[in-house]
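Chains, contacts and geometry: an overview
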Amino acid sequence: MKRWLGLAALLALLFALPAAARVDFDYDSIDPAVKVHDLAGLLSDGEEARLAEEMQALGDEYETDVAAVTVDENPGTAQQLAEDIFDYCGYASGNDGVLLLIDMDNREVWIATRGQAKNAVRQSQIDPILDEIAPKLTARDYADAVEVFIDCVRYELACYAAEQNGESLPPGYEAPYTPVSTSGSTANWPLRILVAAGI
């Protein structure tokens, strides 16, 4: 009887714990039809429009929402805000999505995925993708950083589509970064990459 009472008390405690609150952020400022939201003012109007067009085309090709958001105010972490943007702003409404968040407030950068995009842009590849993005952020080449993100996501989506269809990538189609062949190698990757980026 004591064993069951102990289990009941534990379950009651777990259910009593509050759910993680969403980050205090103006989610209405994000239009999911627009694939780049430069709220931190890091891009020119032309760069923002060009990158958004590229992401739209990439998303249409692979039926995956590809987007980037920059912010200069974030009371949470980059991970929290990126996940909340997916949850509350309408991105990945078709279930599949990849989002790059550049957080200038906390000096963090995060890549979040949803649906089948988790299988395409795998956790084991996010670390080397960020390794490619980091030097661009350090140099304040923010448009180039987003461009690298697009190139890497395009490669991963193409690889996943080819794998699902039992096909091979066309000759000369090479990764824009150094892929990691083994999983489980990216523990605490955001902490390491942020120090390297120095943004």
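Above: the structure in question.
All of the points below concern the structure found in this document. (Residues numbered from 1 in each chain as written. Predicted model: local features only at pLDDT ≥ 70, side-chain atom pairs only at ≥ 80, totals over all residues. Heavy atoms only, no water.)

1. Some remarks on the packing of aromatic side chains
Summed over the entire model, instances satisfying the criterion amount to 3 aromatic pairs. For the pair F25 and Y27, a centre-to-centre distance of 5.2 Å together with 75° between the ring planes defines the contact as edge-to-face. Y27 shares its class with F25; the two are buried. Put simply, the rings of F25, Y27 and Y88 pair up and form one aromatic cluster. Over the ring of Y88 we find R22; its NZ or CZ atom is 4.6 Å from the centre of that ring. (Phe/Tyr/Trp six-rings, centres within 6.5 Å; stacked < 30°, edge-to-face > 60°. Buried < 20%, exposed > 50% of the residue type's maximum accessible area, 1.4 Å probe, protein only. Lys NZ or Arg CZ within 6 Å of the ring centre and 35° of its normal.)

2. Comments concerning the side chain of D65
Within the secondary structure layout, D65 lies in strand β2 (residues 65-71). Within polar-contact distance, the side chain of D65 engages the side chain of K35 at 2.6 Å. Setting aside anything within four residues of it in sequence, one finds D65 in contact with K35, G90, Y91, A92, S93, D96, G97 and V98. (Helix = DSSP H or I, 4+ residues; strand = E, 2+ residues; numbered from the N terminus. Polar contact = N/O pair within 3.5 Å; in protein donor to acceptor, adjacent residues only side chain to side chain. Contact = heavy atoms within 4.5 Å.)

3. A word on helix α5 (residues 123-138)
Compared with the 22 Å implied by 1.5 Å per residue over 16 residues, the 23 Å span of α5 between its first and last C-alpha is a close match. By the largest-angle criterion, E132 marks the main kink of α5, which is about 30°, and a proline, P135, follows within four residues. Buried residues of α5: S124, Q125, I126, D127, P128, I129, L130, I133, A134 and L137, and no others. Remark: R140 follows α5 within two positions and exhibits a positive phi of approximately 60°. (Expected span 1.5 Å × (residues − 1). Bend = angle between axes of the 7 residues up to and from the residue.)

4. A closer look at the pattern of salt bridges
This model, assessed by the stated rule, comprises 7 salt bridges. The salt bridge involving R154 is made with D151; its shortest N-O contact spans 3.1 Å. Of this pair, R154 and D151 both sit in helix α6 (residues 142-164), separated by 3 residues, roughly a single helical turn. Taking the relative accessible area as the measure of exposure, D151 reaches 31% and is therefore partly exposed. (Salt bridge = Lys/Arg side-chain N within 4 Å of Asp/Glu carboxyl O.)

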